[in-house]
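# Residue-level structural notes
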Amino acid sequence: MAEGNAIEVEGKVVAVLPGTMFKVQLANATGHIVLAHISGKLRKNFIKIAAGDTVKMEMSPYDLDKARITFRMKEQNPFVPPPRRRQY
């Protein structure tokens with residue numbers, strides 16, 4: 001897919017399928033679900049994608065049912081309390 005033709009969209013991973021495939025719901029008003037695979041850069045750098053993650057994707061204007069995941073977004077509120085220390 002040529003860089004100039006790609007449509008860049010955001011979505012939320014709904015389901016993880018075998019073979020590094022994912023069902024992703026688009027973040028636009030329609031909530032369309034597409035079949036997406038991860039790009040080579042994410043595969044090379046061992047970026048893990050799980051259900052519930054927000055991702056950026058590239059879609060071809062010719063086939064709007066498939067996409068390529070190019071980026072996994074950081075979580076908005078990743079607050080994790082520090083582990084509690086034992087008091088002796």
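Attention here is on the structure that accompanies the text. (Residues numbered from 1 in each chain as written. Predicted model: local features only at pLDDT ≥ 70, side-chain atom pairs only at ≥ 80, totals over all residues. Heavy atoms only, no water.)

### A closer look at the overall build of the protein
Convention followed: Helix and strand definitions here come from DSSP, where helices need a minimum of 4 consecutive H or I residues and strands a minimum of 2 consecutive E residues; each element is numbered from the N-terminal end. In this treatment the radius of gyration is a C-alpha quantity, and the globule benchmark scales as 2.2 Å times the residue count to the 0.38 power. Residue exposure (1.4 Å probe, protein chains only): buried if accessible area is under 20% of the type maximum, exposed if over 50%, otherwise partly exposed.
The number of helices and strands found in the protein is one helix and five strands. Secondary structure elements in the protein, listed N-terminal to C-terminal, are β-β-β-α-β-β. Its C-alpha atoms give the protein a radius of gyration of 16 Å, more than 25% over the compact-globule value 12 Å for 88 residues. In terms of overall dimensions, the protein has a C-alpha envelope of 65 × 30 × 25 Å along the principal axes. Buried residues in the protein amount to 22% of all 88 residues.

### Considering the environment of Val 55
The cut-off we apply is this: Whether two residues are in contact is decided by their heavy atoms, any of which lying within 4.5 Å being enough.
Locating Val 55 in the fold gives a position in strand β4 (residues 54-60). You can call Val 55 buried: its relative accessible area is 0%. Along the sequence, Val 55 and Glu 10 sit 45 residues apart, while their C-alpha atoms lie 5.7 Å from each other. What Val 55 contacts, discounting residues up to four positions off in sequence, is Val 9, Glu 10, Gly 11, Val 13, Val 24, Ile 49, Ile 69, Phe 71, Arg 72 and Met 73.

### Looking at the pattern of salt bridges
Definition in use: Salt-bridge detection follows one rule: a side-chain nitrogen of Lys or Arg within 4 Å of a carboxyl oxygen of Asp or Glu.
Inspection of the entire model under this criterion finds two salt bridges. With a closest N to O distance of 4.0 Å, Lys 66 and Asp 63 form a salt bridge.

### Focus: the nonpolar core
To keep things clear, this is the line we draw: By convention a nonpolar core is built from buried Ala, Val, Leu, Ile, Met, Phe, Trp, Tyr and Cys residues, the set being connected through side-chain atoms within 4.5 Å.
Of all hydrophobic cores here, the largest spans 14 residues; its most connected members are Phe 22, Val 24, Val 34, Ile 49, Val 55, Met 57 and Ile 69. Elements with a minimum of two residues in this core: β2 (21-26), β3 (33-38), β4 and β5 (63-72).

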